[in-house]
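# Fold and contact review
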Amino acid sequence: ETGVTQSPTHLIKTRGQQVTLRCSSQSGHNTVSWYQQALGQGPQFIFQYYREEENGRGNFPPRFSGLQFPNYSSELNVNALELDDSALYLCASSLWSGENTIYFGEGSWLTVV
Amino acid sequence: QKEVEQNSGPLSVPEGAIASLNCTYSDRVSQSFFWYRQYSGKSPELIMSIYSNGDKEDGRFTAQLNKASQYVSLLIRDSQPSDSATYLCAVSDNTNAGKSTFGDGTTLTVKP
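Scoring rules and cut-offs
Residues numbered from 1 in each chain as written. Chains lettered and ligands numbered in written order. Predicted model: local features only at pLDDT ≥ 70, side-chain atom pairs only at ≥ 80, totals over all residues. Heavy atoms only, no water. Helix = DSSP H or I, 4+ residues; strand = E, 2+ residues; numbered from the N terminus. Rg over C-alpha atoms; globule rule 2.2 N^0.38 Å. Buried < 20%, exposed > 50% of the residue type's maximum accessible area, 1.4 Å probe, protein only. Contact = heavy atoms within 4.5 Å. Lys, Arg positive; Asp, Glu negative; His and termini not counted. Charge placed at Lys NZ, Arg CZ, Asp CG, Glu CD. Buried area = accessible area lost by both parts, 1.4 Å probe. Salt bridge = Lys/Arg side-chain N within 4 Å of Asp/Glu carboxyl O. Polar contact = N/O pair within 3.5 Å; in protein donor to acceptor, adjacent residues only side chain to side chain. Nonpolar A, V, L, I, M, F, W, Y, C, P; charged D, E, K, R; others polar. Phe/Tyr/Trp six-rings, centres within 6.5 Å; stacked < 30°, edge-to-face > 60°. Lys NZ or Arg CZ within 6 Å of the ring centre and 35° of its normal.

All right, on to the overall build of chain B then. When you go through chain B residue by residue, the secondary structure sums to zero helices and eleven strands. Secondary structure elements of chain B occur, N-terminal to C-terminal, as β-β-β-β-β-β-β-β-β-β-β. Whereas a compact globule of 112 residues would reach a radius of gyration of roughly 13 Å, chain B reaches 13 Å, a difference of no more than 12%. Classification of the 112 residues of chain B by burial places 44% in the buried group. Restricting to contacts in chain B with at least 6 residues of sequence separation, those with at least 24 account for 54%. One finds the centroid of the 10 positive side-chain charges in chain B at a distance of 2 Å from the centroid of its 12 negative side-chain charges.

Moving on: the interface of chain B and chain A. When the parts of a complex come together, some accessible area is lost, and that lost area is often used as the size of the interface. Between chain B and chain A, the residue contacts involve 19 residues of the former and 23 residues of the latter. Across the interface of chain B and chain A, roughly 1600 Å² is buried in total on both sides, 49% from carbon and sulfur atoms. The interface formed by chain B and chain A contains zero salt bridges. Linking chain B to chain A there are nine residue pairs in polar contact (both at pLDDT 80 or more). Considering only residue class, the side of chain B that touches chain A consists of eight nonpolar, eight polar and three charged.

Considering all chains together, one arrives at eleven aromatic pairs over all chains under this definition. With a centroid separation of 5.8 Å and 55 degrees between ring planes, the pair formed by A:Tyr35 and A:Phe104 is classed as tilted. Linking A:Tyr35 in strand β4 (residues 31–37) with A:Phe104 in strand β10 (residues 103–104), this pair joins segments that are 69 residues apart in sequence. A:Tyr35 gets classed as buried once you look at its relative accessible area, which sits at 0%. Overall, A:Phe104 belongs to the buried group, its relative accessible area being 1%. Taking 5.8 Å as the distance between ring centres and 80 degrees as the angle between the ring planes, the aromatic pair formed by A:Phe104 and B:Tyr36 counts as edge-to-face. Taken as a pair, A:Phe104 in strand β10 and B:Tyr36 in strand β4 (residues 32–38) lie in two separate chains rather than in one. Overall, the relative accessible area of 0% leaves B:Tyr36 in the buried class. By way of ring pairs, the aromatic residues A:Tyr35, A:Phe45, A:Phe104, B:Phe34, B:Tyr36, B:Tyr51 and B:Phe102 are connected into one cluster. Stacked on the ring of B:Phe61, the Lys or Arg B:Arg60 has its end atom at 5.5 Å from the ring centre.

Structural measurements only, silent on function.
Set out below in C-alpha cells:
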C-alpha cells in the first residue's frame, strides 16, 4: 500500500471520446508523474507535475494533458481517444521533483473500443 | 533501438538458485538506475536503486552498475517462488526518478 490512489480502476471508452483519470498523491508529496504502460511493455513517461506546474513531458501528443491541484492531486486527460491508447495508466508520486524514490498507484486500466 | 534494453525472457530458475537479470542503456548521461518488480496485474514497486559503479547489496538482491559498458544488472540470490514477476529496469538522467525511462521488463519464473 503506497498511499497513492487512482480512479477509476477500469473503464471502457469509445474511439474519439475523451477520458479523465485521477490520482491522489501520497500525503506530503508535491510531485506527480504519469506513465502509460501498454500490455507487455514497460511504462512510458507522459509528463510530471511539480507544485502545479508541468515539469517535463515525454513523447506524447498534445491530446494528452494534465493538471495538478493545490492539494497536489492530479488529473490526466486524453482527448480524441484512439485504439492504441488502450493501456494501464500509472500515477507515481514523490516527495519532491529531485526525489529518487517514487510510489506508484495501482493504475487505471483503459480500454478503447 | 530502445533506450533501455532488457531480455524479455521468460527466465526460469529453480527455487534456491541465483537469478541474473540484465539491462543495457544507450544514454551516456544517465545517472540514476532503478530496478522495479511488477507482479501480474499490479503496479511496479521499487526494489533497488544504484548511482555509482560497482555493487550494491540489499538482502537477497544485488544491483551491479558499469557505466563504461552502459550496463546494469540485478542478481537475486536464493530465489523464491514469490520472486516470480516481471522485473523492470529504469534509468534517469538525474535524481528525478519520476522521469525515468523504462525497459520492457524480464519475466522471471521461480519453480519450486
